[in-house]
Amino acid sequence: VQLQASGGGLVQAGGSLRLSCAASGGTFSRYVMGWFRQAPGKEREFVATITKSGGSTAYGDSVKGRFTISRDNAKKTMYLQMNSLKTEDTAIYYCAANDDFAIVAVAYDYWGQGTEVTVSS
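(A) Structural view of the overall build of the chain. Across its full length, the chain holds 0 helices and 11 strands. In the chain, the succession of α and β elements from N to C terminus is β-β-β-β-β-β-β-β-β-β-β. For a compact globule of 121 residues, the expected C-alpha radius of gyration is about 14 Å, and the chain comes in at 13 Å, within 12% of that figure. In terms of principal-axis extent, the alpha carbons of the chain reach across some 40 × 25 × 25 Å. Counting over 121 residues, the chain shows a buried share of 44%. Looking at the chain alone, contacts between residues at least 24 apart form 57% of all its contacts between residues at least 6 apart. Accessible surface computed for the chain: about 5900 Å², of which carbon and sulfur atoms make up 47%. Once the 12 positive and 10 negative side-chain charges of the chain are each reduced to a mean point, those two points are 6 Å apart.

See the structure below:
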């Protein structure tokens with residue numbers, strides 16, 4: 001499966017953005033999907049994941065209550081709604097796909113190219 005992330009940009013602190021991850025070349029609904037992010041000089045960080053059906057989700061502690069992951073299997077697309085953005089949310093955001101539910105980057109087999117999010121103060 002190929003993944004294409006989009007929707008990043010520059011936003012002021014307190015604002016919102018919605019990221020999208022479009023899949024092609026595979027059966028989207030067979031994959032657990034996840035979002036990760038990597039800020040300059042830091043390790044890749046788990047943001048959120050969603051099960052194949054969309055029935056269950058999990059979030060990293062730093063984004064709980066502010067970010068919402070969702071998916072539309074008919075459109076082969078996953079989303080990340082980001083609200084109440086903080087400067088520390090600035091990073092490149094990557095979408096990823098995996099056969100099994102996981103919150104660690106090494107478990108994911110397929111990765112998109114990343115979309116950059118910059119939150120200004």
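(B) A look at the environment of Val47. Tracing the chain through its elements places Val47 in strand 5 (residues 45–50). Sequence separation between Val47 and Phe36 is 11 residues, and the spatial gap between their C-alpha atoms is 4.9 Å. Ignoring anything within four residues of it in the chain, the contact list for Val47 reads Trp35, Phe36, Arg37, Ala58, Tyr59, Gly60, Val63, Phe67, Leu80 and Tyr93.

(C) Here's a closer look at the state of the cysteines. Inspection of the entire model under this criterion finds 1 disulfide. Here Cys21 is linked by a disulfide to Cys95, with a sulfur-sulfur distance of 2.2 Å. Measuring the twist about the S-S bond at about 70°, one finds the Cys21-Cys95 disulfide to be right-handed. A residue pair is termed long-range when its members are at least 10 positions apart, and Cys21 in strand 3 (residues 17–24) and Cys95 in strand 9 (residues 91–98) qualify at 74 residues. As far as burial versus exposure is concerned, Cys21 and Cys95 are alike and both buried.

The rules behind these values
- Going along each chain's sequence as written, the residues are numbered from 1 onward.
- Only residues with pLDDT of at least 70 are given local features in this predicted model, and only at 80 or more are side-chain atom pairs given and counted; all residues enter the totals for whole chains, interfaces and linings.
- Excluding hydrogens and water, the side-chain values take into account all heavy atoms of the structure.
- Each helix is a run of H or I in the DSSP string that is no shorter than four residues. Each strand is a run of E no shorter than two, and both are numbered from the N terminus.
- Radius of gyration: C-alpha atoms only; globule rule: 2.2 Å multiplied by the number of residues to the exponent 0.38.
- For each residue, the accessible area found with a 1.4 Å probe, counting protein chains only, is set against the maximum for its type, and the residue is called buried under 20%, exposed over 50%, and partly exposed in between.
- Here, residues are in contact when the closest pair of their heavy atoms is within 4.5 Å.
- Surface accessibility follows the Shrake-Rupley procedure with a 1.4 Å probe radius. Residue values consider only the protein chains on display as shielding.
- When charges are counted, Lys and Arg contribute as positive and Asp and Glu as negative, whereas His and the chain ends are disregarded.
- For this purpose, a charge sits on NZ of Lys, CZ of Arg, CG of Asp or CD of Glu.
- To count as a disulfide, a pair of cysteine sulfur atoms needs to be within 2.5 Å.

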